[in-house]
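As a plain string of letters, each chain reads:
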Amino acid sequence: MSSADRKAQIGVTGLAVMGRNLARNFARNGYTVAVHNRTYGRTRELVEQFGGEGDFVPAASSEEFVAALERPRRVLVMVKAGAPTDAVIEEFAALLEPGDVIIDGGNAHFEDTRRREAALRERGLHFVGAGVSGGEEGALHGPSIMPGGPPESYESLGPMLERIAARAPDGTPCTAHVGPDGAGHFVKMVHNGIEYADMQLIAEAYQLLRDVAGYSPAEIADIFGRWNEGRLESYLIEITAEVLRHTDAATGRPFVDVVADRAEQKGTGRWTVQTALGLGTPVPGIAEAVFARSLSGHAELRAAAAALPGPQTRDGGGRMAPDEAAAFAERVERSLYASKIISYAQGWDMMRAGSEEYGWHLDLSATAAIWRAGCIIRAGFLDRIRGAFTNDPWLPSLLADPAFAKELGEAQQAWRDVVAAAAAGGVPAPGMAGALAYYDALRSDRLPAALLQGQRDFFGAHTYQRTDREGTFHTLWAEDRSEVRA
Ligand SMILES: NC(=O)C1=CN([C@@H]2O[C@H](COP(=O)(O)OP(=O)(O)OC[C@H]3O[C@@H](n4cnc5c(N)ncnc54)[C@H](OP(=O)(O)O)[C@@H]3O)[C@@H](O)[C@H]2O)C=CC1
Ligand SMILES: O=C(CO)[C@H](O)[C@H](O)COP(=O)(O)O
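- Per an unreviewed UniProt entry, the protein carries the name 6-phosphogluconate dehydrogenase, decarboxylating and comes from Streptomyces boncukensis.
- Listed in UniProt under the heading Pathway (unreviewed entry), the comment for the protein reads: "Carbohydrate degradation; pentose phosphate pathway; D-ribulose 5-phosphate from D-glucose 6-phosphate (oxidative stage): step 3/3."
- In UniProt, the protein has this text filed under Sequence similarities (unreviewed entry): "Belongs to the 6-phosphogluconate dehydrogenase family."

Structural notes on the overall build of the protein
Then comes step 1: Looking only at helices and strands, the protein features 20 helices and 9 strands.
Then comes step 2: Computed over C-alpha atoms, the radius of gyration of the protein comes to 26 Å, within 12% of the 23 Å expected from 2.2 N^0.38 for 486 residues, which places it in the range of a compact globule.
Then comes step 3: Across the 486 residues that make up the protein, the buried fraction comes to 49%.
Then comes step 4: In the protein, once contacts between residues fewer than 6 apart in sequence are set aside, the share between residues at least 24 apart is 66%.

Remarks on the UniProt feature "binding site: substrate" (unreviewed entry) in the protein
Then comes step 1: The sites that UniProt annotates as "binding site: substrate" (unreviewed entry) are Asn107, Ser133, Gly134, Gly135, His191, Asn192, Tyr196, Lys266, Arg293, Arg456 and His462. Across 356 residues in sequence, these annotated residues place their C-alpha atoms as far as 48.9 Å from one another, rather than forming a single compact spot.
Then comes step 2: Relative to the assigned elements, asparagine 192 resides in helix α8 (residues 183-211).
Then comes step 3: On the accessibility criterion, asparagine 192 (6% relative accessible area) is buried.
Then comes step 4: Residue placement: histidine 462 occurs in the loop between α20 (449-460) and β8 (473-475).
Then comes step 5: Excluding anything up to four places from it in sequence, histidine 462 contacts Arg456 and Asp457.

So, the sheet that holds strand β5 (residues 101-104)
Then comes step 1: In space, the 7 strands of this open sheet follow the order β3-β2-β1-β4-β5-β6-β7, with mixed pairing throughout. The open sheet terminates on both sides in strands that have one partner only, identified here as β3 (55-58) and β7 (144-147). Sheet twist, expressed as the mean angle between neighbouring strand axes with direction ignored, is 25°.
Then comes step 2: Looking at chain direction, strand β2 (residues 32-36) and β3 are connected through 4 bridges and run parallel. Looking across to β3, one finds that threonine 32 is bridged to aspartate 55.

Some words on helix α4 (residues 83-93)
Then comes step 1: Along α4, the residues classified as buried are Thr85, Val88, Ile89, Phe92 and Ala93. Each buried residue of α4 sits inside an arc of 130° when the element is viewed along its axis, so together they form one side.

Concerning the site of ligand 2
Then comes step 1: Every residue lining ligand 2 is accounted for by Asn107, Ser133, Lys188, His191, Asn192, Glu195, Tyr196, Gln265, Lys266, Gly267, Arg293 and Ile376.
Then comes step 2: A distance of 2.9 Å is found between an oxygen atom of ligand 2 and a side-chain nitrogen or oxygen belonging to serine 133.
Then comes step 3: Contacts to ligand 2 include arginine 293, whose side-chain N or O atom sits 2.8 Å from an oxygen atom.
Then comes step 4: When ligand 2 is considered free in solution it has 370 Å² of accessible area, and contact with the protein chains removes 79% of it.

Comments concerning unusual backbone geometry
Then comes step 1: Here arginine 71 and proline 72 are connected by a cis peptide whose omega angle stands at -10°.
Then comes step 2: Within the secondary structure layout, proline 72 lies in the loop between α3 (62-67) and β4 (74-77).
Then comes step 3: With a phi close to 55°, histidine 361 is a non-glycine residue in the positive phi region.
Then comes step 4: Checked against the element boundaries, histidine 361 lands in the loop between α15 (322-358) and α16 (364-370).
Then comes step 5: Here threonine 463, not a glycine, exhibits a phi torsion of approximately 70°, which is positive.
Then comes step 6: The residue threonine 463 is located in the loop between α20 and β8 in this model.

Thresholds, definitions, all that
- Residues numbered from 1 in each chain as written.
- Chains lettered and ligands numbered in written order.
- Predicted model: local features only at pLDDT ≥ 70, side-chain atom pairs only at ≥ 80, totals over all residues.
- Heavy atoms only, no water.
- UniProt positions renumbered as here; feature names shortened; annotations may be inferred.
- Helix = DSSP H or I, 4+ residues; strand = E, 2+ residues; numbered from the N terminus.
- Rg over C-alpha atoms; globule rule 2.2 N^0.38 Å.
- Buried < 20%, exposed > 50% of the residue type's maximum accessible area, 1.4 Å probe, protein only.
- Contact = heavy atoms within 4.5 Å.
- Pairing = 2+ DSSP bridges.
- Axes fitted to C-alpha atoms, helices over the stretch in contact; angles between N-to-C directions.
- Arc of directions from axis to C-beta.
- Near = heavy atom within 4 Å.
- Polar contact = N/O pair within 3.5 Å; in protein donor to acceptor, adjacent residues only side chain to side chain.
- Areas by Shrake-Rupley, 256 points an atom, 1.4 Å probe, with all protein chains shown as cover.

Printed below as a string of structure tokens:
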């Protein structure tokens with residue numbers, strides 16, 4: 001049969017690392033896949049290099065691509081987020097018919113997805129904003145996929161996504177219909193926010209082990225390797241050990257010592273924090289991680305502050321004795337674990353708030369379930385979060401789950417010691433310190449917010465509520481300081 005006669009069950013347009021590997025994943029799973037890219041070279045390369053893996057229908061034009069698809073047509077767009085995605089959606093929407101499905105698997109902002117979904121719905125097209133996580137390798141071997149959009153589109157698309165998605169240890173596919181319009185991209189955005197927080201906490205643990213305990217990168221790699229066999233087991237801990245063990249071929253030095261210490265970001269972490277601010281949900285763990293990346297890139301600020309005095313280091317900052325270092329590493333593990341619980345709790349708070357704001361009815365247990373494998377934050381830990389929200393879908397916070405609460409209680413003294421050691425040693429640990437402050441703030445009987453309310457009332461007559469009576473009050477600060485009802 002010529003390629004003109006073959007009909008594909010799915011088409012992928014945008015064949016850079018993610019699109020190419022998702023197309024290969026579909027083909028390896030027995031689907032006929034139409035492939036298209038703005039620049040035809042990528043399409044040709046894919047078919048030349050990987051054509052033997054399955055059934056691809058290469059298309060040189062968008063018309064040829066659409067003609068190669070069976071009805072209803074399913075077009076997966078994997079191009080740069082933002083204006084390119086709008087341009088590609090418009091290009092294909094003009095060629096599609098009512099009932100056809102456009103899936104955006106890029107890292108779109110969920111508000112853009114809501115706008116696109118509404119506009120395409122008007123034209124009779126189904127639009128599925130699908131978060132995809134797992135990077136290049138995940139796309140090929142099984143990513144975690146978070147599709148939103150109209151539930152009816154999942155009826156035909158869902159089984160295909162379930163075939164190519166990662167499998168959790170219990171065998172269930174790491175994909176599920178997340179909710180309407182922008183829900184899939186919202187959840188993917190929060191995933192990335194949690195990813196930022198996780199990475200920052202791991203980076204802080206590394207620096208504490210290095211600068212306070214005096215371990216070398218290779219020794220820290222071994223410590224992370226051991227942690228990866230315990231409750232911190234996760235893809236991010238595993239790759240951290242790999243990165244720390246790696247030696248730069250050109251210099252023979254640890255790789256981590258030759259990489260410029262300026263962390264970059266494409267924007268999903270920042271979107272998470274901006275959205276959380278709008279929702280009024282505190283996510284300081286994610287915010288600290290975004291700011292830490294931003295601070296690392298401010299060369300001028302860093303140069304201006306480089307000569308400021310730091311603390312007097314213990315014995316001139318040498319290595320701790322082996323027993324002392326091992327005990328410190330144990331406390332860092334506890335601090336990392338406790339801080340991790342806090343940042344995941346904040347991510348789930350945000351999903352609940354987003355769900356309420358947009359009427360998505362997100363299943364908080366299902367979200368944890370589809371992150372157990374395939375995605376960047378995959379870990380056994382996610383199964384415990386799934387369990388917590390399965391036991392109690394109305395859990396007000398992950399911190400209220402009895403098992404997590406118990407672990408936080410057990411870790412808290414070590415956590416305090418580590419944050420204190422970081423401060424004493426001049427090691428920046430905003431993630432761990434912020435997580436501890438969040439923990440202490442939430443469990444506080446009284447917060448200094450009462451004083452803030454007094455200040456606001458003093459300078460702006462902004463009023464306050466009392467603990468002992470209903471109502472809104474104002475004190476006549478500039479007069480006789482008597483209290484009036486506002
Ligand atoms: N890389 C990753 O690990 C992950 C990426 N994502 C998201 O997946 C999407 C694809 O990512 P990735 O594979 O890295 O590719 P890139 O984000 O680097 O995008 C490159 C692709 O976009 C196409 N493109 C760019 N501008 C246009 C345009 N104006 N019109 C048509 N096509 C255009 C390119 O075509 P051409 O070849 O002609 O230049 C190429 O196919 C992005 O939205 C990204 O955010 C999601 C999860 C992980
Ligand atoms: O989506 C992803 C994984 O889930 C990407 O890897 C993520 O966008 C990387 O983000 P950044 O470049 O901001 O670190």
